[in-house]
Amino acid sequence: MRAQHLCRWELPRSAHPPGRAGYLRWRAEAARRHAARVSTLLAEEGAPPEAIDRVRALVLKRDLRTDPEAQALEDCACLVFLEHEAAEFAAGRNEASVVDILVKTLRKMSPRARALAPGLPLQPEVRAVLERALAASDGSDGAR
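Nothing here was measured: the structure is a model prediction, and the numbers come from that model.

Participant: Help me out: how do you make sense of the side chain of E74 in this one?
Facilitator: One can find E74 in helix 3 (residues 68-90). Ignoring anything within four residues of it in the chain, the contact list for E74 reads K61, L64 and K108.

Take a look at the structure:
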């Protein structure tokens, strides 16, 4: 899981314009960089090409909805975000914006992971916005 954020500080979000389009460009470039870096590290350690290709595909989130391992990785990343990073992320943002981000996060998750989310040990402010996001995304099949 760490490979999808490998050396993330080398490409700060501020390197791209604000807004959704800038965010999406930053995210795509970051994924390419992470995949290239982990591929190099694995090759240096003598990993077989098939393993390197597989890790690259997972880091690039290829076939997310149809590849159970890719979906499990995404679920894990989303659950870790909710439990460990969401409180800091939410600080200083308006609640409606945070709810919107959590709705988008929930859409990336499998039904099983969405069901697990409310059981996480969350900060009270995160739990409140997660409950709003879950209510807003009711009926979602996880499709983007």
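Past the structure itself, the notes keep going.
Participant: Explain the nonpolar core here, please?
Facilitator: The tendency in soluble globular proteins is for nonpolar side chains to be buried as a group. Core analysis: the biggest nonpolar cluster contains 21 residues, and L82, L102, M109 and L130 have the highest contact counts within it. Of all elements in the fold, only helix 3, helix 4 (95-108) and helix 6 (124-136) reach the threshold of two or more residues within this core. In terms of residues, this core owes the most to one element, helix 3, which gives six residues. In this structure, L130 is in contact with L82, L102, L106, A117, P118 and L122, ignoring residues within four places of it in sequence.

Participant: Teacher, can you tell me more about the pattern of salt bridges here?
Facilitator: Two side chains that carry opposite charge are able to pair once their charged atoms sit near each other. Tallied over the full model, the rule gives seven salt bridges. A salt bridge links R33 to E29, with the shortest nitrogen-to-oxygen separation between them at 3.4 Å. With R33 and E29 both in helix 1 (residues 20-44) and four residues apart, this pair spans about one turn of that helix. Using a relative accessible area of 23% as the deciding quantity, one classes E29 as partly exposed. The partner of D67 in a salt bridge is R54, with the nearest N and O atoms 2.6 Å apart. Of this pair, D67 sits in the loop between helix 2 (49-59) and helix 3 while R54 sits in helix 2; the two residues are 13 residues apart in sequence, bridging distant segments of the chain. By relative accessible area, which is 13% here, D67 ends up buried. Linked through salt bridges whose partners overlap, the residues forming this network are R54, D67 and E69.

Cut-off values and rules
- Residues numbered from 1 in each chain as written.
- Predicted model: local features only at pLDDT ≥ 70, side-chain atom pairs only at ≥ 80, totals over all residues.
- Heavy atoms only, no water.
- Helix = DSSP H or I, 4+ residues; strand = E, 2+ residues; numbered from the N terminus.
- Contact = heavy atoms within 4.5 Å.
- Core = buried A, V, L, I, M, F, W, Y, C linked by side-chain atoms within 4.5 Å.
- Buried < 20%, exposed > 50% of the residue type's maximum accessible area, 1.4 Å probe, protein only.
- Salt bridge = Lys/Arg side-chain N within 4 Å of Asp/Glu carboxyl O.

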